[in-house]
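Here is what each chain is made of, one letter per residue.
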Amino acid sequence: MRQVTAPYTGATNEPLIPPVAWNLSTETALWIGLAVAAFATRLWRLDLAPLSNAEARYALDSLNVLRGGAVSTANPLLASVQTIVMAVFGASDFSVRLPSALAGAVLCILPAALRHETGKRQALVFSALLILSPALQYASRQASGGILAWTFALWAFLNWRRGQRVSMAVAAGLLLACGQDAVTPLLVVSAGAALTLLAQHRRVISIGLSPTHLVIAGAIFVAATTAVLWRPSGLGDSFNGFAAWWSSLFAGGSLGLLRVFAGLSFYETLLIGSAAAGVMILLVQRKPRLLDTGWLSFIAVGMLLLVVNGSRTVADIAPILIGCAGSGAAAWAALWQSYQRHIEPLWSEGIVITVTLLMLVYAYLGLTMFAEQQQSAYLVSIFLAVLMIAGTGIICTLLLDGMAAIRGINTAIGIGLLVYTISVGYHLTQVRTTNPAEAYVSDASSDGLPLLVKTIEDTGIRAYSGAHAMPLQVSDAAPAALRWTLRDQRNITYVAKLTDSPAALTPINEKPESTSAYIGSAFRITNTASLNELGCQSAVMGINQFDCPPLLRWLIRRTLDERIVTRWVLWLRSDTASRASGMH
């Protein structure tokens, strides 16, 4: 057998295809880390708390669409997306909240589009501040369309600033498909674009859209509202949503202004302080031309609409938070730049930072110890902390320079606010999710809802050999959260007058009208609390004239004296109760 050898070509042992060299830059790694943090804070234990009544209304509409019912929704895009998600993953608290959570995570990464305009460092800080915001975390974990609309609005605004008109048209079409939730974001971003052009000394305000862009936006709008013509009624729903927004102006809502401003001052101290610092730095440096009027208009117009819009939700605070994050990113970038210009050993700043942090902790502990005792001694601890911080700054200024003291104090305050913000955000979204004394939790479903469902399923298994087989009559006054938790019951009927039924659900002050004997068990359904009494009491003569017990108790433990608990009763007819207990 003849052996054939290939001619020598000078080849070596190296592979024919060279290996791909992965060069992960520091900036890319930071963006990946921010993306992981954004999705983790929005998705982790997303179904921890039961749906509130407001969330359940959206969920029930989408569930009816999935089951082929005719439903009118205020946000047709959200209804279509929720329907698709429920069709794939099933109808659960997690699947209903998933679209809003994903949109909230994407919203936090959108500032990456500004990295070439404002600088890489400032864009990274912008994104980090959005991720840390407790209010944006909470709103993203709610089954509503507000954050979905704000994601498209910010996407459209950033693409307009970058001159990406096609992408802007696509985002604008998706934004309009959000119906009622689209109006406030549309007004805010329009004002932001107009003021940005005025700041650039343009006499003629032009968005720069051609007829082609308008056609693209219109086509996306129609496709999104109708779910690509699968649900044509969604187009009418969007216009009905626009009209509903107008009718909601000056109307009463569940989230009052007191709760909104209490939440902003308590949860968003980091963002508000950063925004104020950013504006002050540019004014002190005599560089007002660098003020980003777009983000300032987000704050101003968002605040105005928040006041006039009666049916406000947590998502309506988004423009204020986005504007604060955009303006505040400049302050953190300037602080970092100041450190870079002073490369000498930072032992002086380290001393100032350490003393300031210790004094901030001391002031907080003093507040915690004495506030609940209705004493004014906490004022002494706060005064001593401020005095010590100021003294440390003065000493550092005399020994070295004033900028070292300023950098050290600002850094310490920033670190303190960062830890504080992470803490209150974790409590708001993970620990106190059903606490109606939290500023943004105005109407919370109680932990008794899952217990009620489990009791009904266990009774059905024992008495009717199926978790969802027991005949159940429910008063038609049932709130949306209760209706949502009972969605899997096959033999359920909602009636105005309850008659003889194996099982029934009624408010605490009602019972089935029947000659049969019933055994009832009460369950906590919803919790509500008012913040109307939140504030300092009238000053009185004496040592306690500076005490503010209601306000301080709320600041420390988020507890209120005024709380309303709604209870419903599960009634089991005597024969059903006997079968469930195994006695029959």
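Below is a summary of the structure that appears in this document. All of these numbers come straight from a predicted model, not from anything done at the bench.

Below, the discussion takes up the side chain of Thr356. Looking at the secondary structure, you find Thr356 in helix α16 (residues 347-371). The class of Thr356 is buried, set by a relative accessible area of 0%. Within the local environment of Thr356, its side chain forms a polar contact with the backbone oxygen of Val352, the two atoms lying 2.7 Å apart. Dropping the residues within four chain positions of it, Thr356 is found in contact with Ile389, Ile409 and Ala412.

Turning next to the packing of aromatic side chains. The final tally for this structure, using the stated rule, is 14 aromatic pairs. Ring centres 5.5 Å apart and planes at 65 degrees place the aromatic pair Phe157 and Trp295 in the edge-to-face group. With Phe157 in helix α7 (residues 146-162) and Trp295 in helix α14 (residues 293-308), the pair connects residues that are 138 residues apart, well separated along the chain. Each member of the pair, Phe157 as well as Trp295, is classed as buried. Following the ring pairs from residue to residue traces out a cluster consisting of Phe126, Trp150, Phe157, Trp160, Trp295 and Phe298. Above the plane of the ring of Trp484 lies Arg487, whose end atom (NZ or CZ) is 4.1 Å from the centre. For the cation-ring pair, Arg558 lies above Trp554, with the distance from its terminal atom to the ring centre recorded as 6.0 Å.

The next point concerns the packing of α7 against helix α9 (residues 183-199). Two numbers describe how α7 lies on α9: the axes approach to 9 Å, and their chain directions differ by 20 degrees. For the element pair α7 / α9, the angle class is roughly parallel. Crossing hand, α7 versus α9: right-handed. Along the contact surface, α7 presents Ala149, Trp150, Ala153, Phe157 and Trp160, while α9 presents Thr184, Pro185, Val188, Val189, Gly192, Ala193, Thr196 and Leu197. A class-by-class count of the residues in the contact of α7 with α9 yields 10 nonpolar, 3 polar and no charged.

Moving on to the pairing of strand β3 (residues 492-495). Here strand β2 (residues 472-475) pairs with β3 via 4 bridges, running parallel. Of the residues in β3, the one forming a bridge with Val474 is Tyr494. Handedness of the crossover joining β2 and β3 through helix α20 (residues 480-485) is recorded here as right-handed.

A few words on the packing of helix α4 (residues 93-109) against α7. With their axes 8 Å apart at the nearest point, α4 and α7 run at an angle of 30 degrees to one another. In terms of axis orientation, α4 runs roughly parallel to α7. Seen from above, α4 lies across α7 with left-handed handedness. Here α4 contributes Ser100, Ala103, Gly104, Val106 and Leu107 to the contact with α7, which in turn contributes Ile147, Leu148, Trp150, Thr151 and Leu154. A per-class count over the contact of α4 with α7 returns 7 nonpolar, 3 polar and no charged.

Moving on, we get to helix α2 (residues 53-66). Taking 1.5 Å of rise per residue, the 14 residues of α2 would be expected to cover 20 Å, and the 20 Å separating its terminal C-alpha atoms lies within 8% of that figure. Taken as a whole, α2 has its buried residues at Asn53, Glu55, Ala56, Ala59, Leu60, Ser62, Leu63 and Val65. Considering only its buried residues, α2 is in contact with α3 (76-89), α4, β1 (443-445), α20 and β5 (518-529). A positive phi of about 90 degrees marks Gly68, the residue just after α2.

Reading guide: rules and limits
Residues take numbers from 1 onward in each chain, read along the sequence in its written order. Two thresholds apply to this predicted model, a pLDDT of at least 70 for residue-level local features and 80 or more for giving and counting side-chain atom pairs, whereas whole-chain, interface and lining totals are computed over all residues. Computation of side-chain values covers all heavy atoms of the structure but excludes hydrogens and water. Secondary structure is summarised from DSSP: a helix means a run of H or I of at least four residues, a strand means a run of E of at least two, and numbering begins at the N terminus for each. Only protein chains enter the accessibility calculation, which uses a 1.4 Å probe; a residue whose area is less than 20% of its type maximum is buried, one above 50% is exposed, and one in between is partly exposed. Any N or O atom pair separated by 3.5 Å or less is treated as a polar contact, with the protein-specific requirement of one donor-capable and one acceptor-capable atom, and with residues adjacent in sequence counted only for side-chain atom pairs. Between two residues, a contact is recorded if the distance between any of their heavy atoms is within 4.5 Å. Pairing of aromatic rings covers Phe, Tyr and Trp, the last counted by its six-membered ring, and requires centre-to-centre distances within 6.5 Å; plane angles under 30 degrees mean stacked, over 60 mean edge-to-face, and any other angle means tilted. We count a charge as sitting over a ring when the NZ of a lysine or the CZ of an arginine lies within 6 Å of the ring centre and within 35 degrees of the ring normal. Here, axes are lines fitted to C-alpha atoms. For helices the fit covers the stretch in contact, and angles between N-to-C directions go from 0 to 180 degrees. Between 65 and 115 degrees an angle is taken as roughly perpendicular, under 35 as roughly parallel, over 145 as roughly antiparallel, and anywhere else as oblique. Here a crossing is taken to be left-handed if its near helix is turned anticlockwise relative to the far helix by less than a right angle, and right-handed if that turn runs clockwise. Amino acid classes used here: Ala, Val, Leu, Ile, Met, Phe, Trp, Tyr, Cys and Pro are nonpolar; Asp, Glu, Lys and Arg are charged; the rest, including Gly, are polar. DSSP bridges decide pairing: two strands pair if at least two such bridges lie between them. Whether a crossover is right-handed depends on one test, that the path from the first strand over the helix to the second runs clockwise when the strands point away from the viewer. A helix is expected to span 1.5 Å for every residue after the first.

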